[in-house]
Each structure stands twice: as structure tokens, then as C-alpha cells.
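Commentary on secondary and tertiary structure
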Amino acid sequence: MYQPPVNIDDLINQSEENHLYFKLIEQTNKDFALANEPVDIPLDIFPFQFKELVHEKIYKLIQYKFAEYLNLLYIIDVSESEIMKLDGSDLVELAEQVTFLILKREWQKVWFRNRM
């Protein structure tokens, strides 16, 4: 049964335990490319580097390309209500929280596709 991860480390652990870590990276690459904001994450990347790479990309999108950031959220299908709950006073913290929401949604897609 699907258990929503409580934080990004839990998310990575779940993906590794289910042998779907590489699928998570592939899905993330695919959706970022669909939004015309490729991130090109290599499949052999370590988990902490993976989350840092996505975090850095989100930070830059929020700061410099806000319309593209919104498009990315739409393409990935991140819950608008969850985004609205976030505190935007600290841009670094906001990017970290959005990174978790994005990866949580990507993980949900991967998990369900591989359980059907």
C-alpha cells in the first residue's frame, strides 16, 4: 500500500527499498524536460546529490523564471493547495519545501505505475 513519505529522506529510502530509485530519476528528468526546463540527472547520482540538484534548479526557477516554475508545477501536477500552504518568506526554505512536493508527486507516479 502506498505510504506518502514524510520527508525527502523517507522518500528516497522508499524509492530505494522498492528498487525504483532509477525510475524516480527517469520520471523527474522526463517531467522537467516536458516543461522545457531539463535538469539532466544522471542515473548513477547519489541520493543527496539528486535532491540538491533538484533543489538548486527549483531555487533558480523561483528566483529568475517564475512563469516557467509555475508551468513545471502544472506539468508535474503538484497540488496547488499544498503549494499555497508554504511560507514564502525564505526563498531557500521555500525551494526546499517545493523540491519535496515535486519529488513526492514524482514518487507517487512511479510507485503507482509500478504497482499496477
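Here, the structure is the one placed above.
Residues numbered from 1 in each chain as written. Predicted model: local features only at pLDDT ≥ 70, side-chain atom pairs only at ≥ 80, totals over all residues. Heavy atoms only, no water.

Remarks on the packing of aromatic side chains
Under the counting rule described, the total for this entry stands at seven aromatic pairs. Seen from their ring centres, Tyr2 and Phe112 are 5.4 Å apart, and the 35° between their planes marks the pair as tilted. In this pair, Tyr2 is assigned in the segment before helix 1 (8-17) and Phe112 in helix 6 (residues 91-115), connecting sequence segments 110 residues apart. Given the relative accessible area of 13%, Tyr2 is considered buried. When its relative accessible area of 32% is taken as the criterion, Phe112 is described as partly exposed. (Phe/Tyr/Trp six-rings, centres within 6.5 Å; stacked < 30°, edge-to-face > 60°. Helix = DSSP H or I, 4+ residues; strand = E, 2+ residues; numbered from the N terminus. Buried < 20%, exposed > 50% of the residue type's maximum accessible area, 1.4 Å probe, protein only.)

Notes on the packing of helix 1 against helix 3 (residues 47-64)
A pair of packed helices can be characterised by two numbers: the angle between their axes and the separation between those axes. Taken N-terminus to C-terminus, the directions of helix 1 and helix 3 make an angle of 125°; their axes are 11 Å apart at the nearest point. In this view, helix 1 runs oblique relative to helix 3, as classed from their interaxial angle. Note that helix 1 runs across helix 3; the crossing there is right-handed. Contacts between helix 1 and helix 3 pair Ile8, Asp9, Ile12 and Glu16 from the former with Pro47, Phe50 and Lys51 from the latter. (Axes fitted to C-alpha atoms, helices over the stretch in contact; angles between N-to-C directions. Parallel < 35°, antiparallel > 145°, perpendicular 65-115°, else oblique. Left-handed = near helix turned anticlockwise from the far one by under 90°. Contact = heavy atoms within 4.5 Å.)

A look at the nonpolar core
Counting residues in each nonpolar core, the largest one holds 34 residues, and the members touching the most others are Phe50, Ile58 and Ile102. At the level of elements, helix 1, helix 2 (21-34), helix 3, helix 4 (66-76) and helix 6 are the ones that each hand at least two residues to this core. Counting residues per element, this core draws most heavily on helix 6, at 10 residues. Aside from chain neighbours lying at most four places away, what touches Ile102 is Phe32, Ile58, Leu72, Leu73, Ile76 and Val78. (Core = buried A, V, L, I, M, F, W, Y, C linked by side-chain atoms within 4.5 Å.)

Quick look at the environment of Val110
For Val110, the position within the fold is in helix 6. Through-space distance from the C-alpha of Val110 to that of Glu26 is 9.3 Å; in sequence the pair is 84 residues apart.

Quick notes on the side chain of His55
In this fold, His55 is placed in helix 3. Sequence-distant contacts of His55, that is, excluding residues within four places in its chain, are made with Val92, Ala95, Glu96 and Thr99.

Observations concerning the side chain of Asp31
Position of Asp31 relative to the elements: it lies in helix 2. Looking at Asp31, the relative accessible area reads 3%, which means it is buried. If we ignore the near neighbours within four places in the chain, the residues touching Asp31 are Leu72, Ile75, Ile76, Glu106 and Lys109.

Let's talk about the pattern of salt bridges
Following the criterion strictly, the structure yields eight salt bridges and no others. Here Lys104 ties to Glu82 by a salt bridge, and the two come within 3.3 Å at their closest N and O atoms. With Lys104 in helix 6 and Glu82 in helix 5 (residues 80-84), this residue pair connects regions lying 22 residues apart in the sequence. Connected via shared salt-bridge partners are Asp31, Glu106 and Lys109. (Salt bridge = Lys/Arg side-chain N within 4 Å of Asp/Glu carboxyl O.)

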